Amino acid sequence: GAIADMQMSTCASKAKKEAQQAMSEMMEDDATITDMIEYTQELIQKQGMSETEVSISIWNTVMQAVEWNKKEDLVAEQAMKHLRTYTPLLAATAKSPKAELSIMLRVQEYCYENMNFLKSFQKIIIMLYKTDVLSEDTILRWYKSAHSSKGKSVFLEQMKKFVEWLENAEEESDEEEEEA
């Protein structure tokens, strides 16, 4: 019943903290991305953590690993450089649409909660798209209906042109298939 559920959630919370601690130590020790991917796959297969939980843990750990610049224009560049290192890790972990969407929502919340990152949202999302962490479908779903209310108008406006580009690219590829 309720006690068992509470114990399960306590165990899950403890497992997430341990996972973040372990990943944090791996980053400090300059572990290879391959080693980190092996570790995260083990969390999913042996520890029973979901792709979504592990993906969010990776994002949280990666973003906590740095002393961020206080200047908004410099923080974007710093974040892109730092995140790019870990995109293969995120791509290897967030394979399901649910995990992808949870990362996108976490990025939205993070940029909303950390005002220096407000203008970096679109850059981060596009980089995650280009490095195969986020799919076109996930971005379109987020844009149309699955976004969080936190900073919604700011982030939807930032993503508008990119979403239009995605939709046009999709229409063009549909037309090419029809002509073939």
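> An account of the packing of helix 5 (residues 97-113) against helix 6 (residues 121-130) is requested, with residue identities and associated values reported.
It is at 10 Å that the axes of helix 5 and helix 6 come closest, and there the two elements cross at 160°. By the angle class used here, helix 5 and helix 6 are roughly antiparallel. Between helix 5 and helix 6 lies a crossing whose hand is right-handed. Residues Ile103, Met104, Val107, Gln108 and Cys111 of helix 5 form the contact with helix 6, whose own contacting residues are Phe121, Ile124, Ile125 and Leu128.

> Describe the nonpolar core, naming the residues involved and giving the relevant values.
One finds Val107, Phe117, Phe121, Ile124, Ile139 and Met159 to be the most contacted residues of the largest nonpolar core, which totals 50 residues. Of all elements in the fold, only helix 1 (2-28), helix 2 (33-45), helix 3 (51-64), helix 4 (72-93), helix 5, helix 6, helix 7 (136-146) and helix 8 (152-179) reach the threshold of two or more residues within this core. Excluding its chain neighbours within four sequence positions, the residues that come into contact with isoleucine 124 are Trp59, Met80, Leu83, Val107, Cys111 and Phe117.

> Could you give an account of the packing of helix 3 against helix 5, with specific residues and numbers?
Where helix 3 meets helix 5, the axes come as close as 8 Å, and the angle between the chain directions of the two elements is 30°. Taken together, the axes of helix 3 and helix 5 are roughly parallel relative to one another. Crossing angle aside, the handedness with which helix 3 passes helix 5 is right-handed. Contacts between helix 3 and helix 5 pair Glu51, Thr52, Ser55, Ile56, Trp59, Asn60 and Met63 from the former with Lys98, Ala99, Ser102, Ile103, Arg106, Val107 and Tyr110 from the latter. Considering only residue class, the contact of helix 3 with helix 5 consists of seven nonpolar, four polar and three charged.

> Before we move on, could you go through unusual backbone geometry and cite the residues and values that matter?
Backbone geometry at aspartate 30 places phi at a positive 55°, although glycine is not the residue there. By secondary structure assignment, the location of aspartate 30 is in the loop between helix 1 and helix 2. Using a relative accessible area of 66% as the deciding quantity, one classes aspartate 30 as exposed. Although it is not a glycine, aspartate 132 sits at a positive phi angle of roughly 65°.

> Quick one: what's the story with the packing of aromatic side chains, residue by residue and with numbers?
Each aromatic ring pair is summarised here by two numbers: the centre-to-centre distance and the angle between the ring planes. Counted according to the given criterion, the structure contains eight aromatic pairs. Centre to centre, the rings of tryptophan 59 and tyrosine 110 are 5.6 Å apart; their planes meet at 85°, and the pair counts as edge-to-face. With tryptophan 59 in helix 3 and tyrosine 110 in helix 5, this residue pair connects regions lying 51 residues apart in the sequence. Per residue, the accessibility class of tryptophan 59 equals that of tyrosine 110, and both read buried. On the numbers, 5.3 Å between centres and 40° between planes, the contact of phenylalanine 121 with tryptophan 142 is tilted. Linking phenylalanine 121 in helix 6 with tryptophan 142 in helix 7, this pair joins segments that are 21 residues apart in sequence. Tryptophan 142 carries the same exposure label as phenylalanine 121, and that label is buried.

> Lay out the environment of glutamate 28 with the relevant residues and their values.
On the secondary structure map, glutamate 28 appears in helix 1. Residues glutamate 28 and alanine 65, 37 residues apart in the sequence, show an inter-C-alpha distance of 8.2 Å.

> Account for the side chain of threonine 61, with residues named and values stated.
Position of threonine 61 relative to the elements: it lies in helix 3. Owing to a relative accessible area of 3%, threonine 61 belongs among the buried residues under this scheme. Side-chain polar atoms of threonine 61 contact the backbone oxygen of serine 57, separated by 2.7 Å. Dropping the residues within four chain positions of it, threonine 61 is found in contact with Gln20, Met23, Ser24 and Met27.

> Tell me what's going on with the environment of lysine 152, and back it up with residues and numbers.
With respect to the helices, strands and loops of the structure, lysine 152 is situated in helix 8. Since its relative accessible area comes to 40%, lysine 152 is described here as partly exposed. Every residue in contact with lysine 152, bar those within four places of it in the chain, is listed here: Gln108 and His147.

Basis of the calculations
- Residues numbered from 1 in each chain as written.
- Predicted model: local features only at pLDDT ≥ 70, side-chain atom pairs only at ≥ 80, totals over all residues.
- Heavy atoms only, no water.
- Axes fitted to C-alpha atoms, helices over the stretch in contact; angles between N-to-C directions.
- Helix = DSSP H or I, 4+ residues; strand = E, 2+ residues; numbered from the N terminus.
- Parallel < 35°, antiparallel > 145°, perpendicular 65-115°, else oblique.
- Left-handed = near helix turned anticlockwise from the far one by under 90°.
- Contact = heavy atoms within 4.5 Å.
- Core = buried A, V, L, I, M, F, W, Y, C linked by side-chain atoms within 4.5 Å.
- Buried < 20%, exposed > 50% of the residue type's maximum accessible area, 1.4 Å probe, protein only.
- Nonpolar A, V, L, I, M, F, W, Y, C, P; charged D, E, K, R; others polar.
- Phe/Tyr/Trp six-rings, centres within 6.5 Å; stacked < 30°, edge-to-face > 60°.
- Polar contact = N/O pair within 3.5 Å; in protein donor to acceptor, adjacent residues only side chain to side chain.

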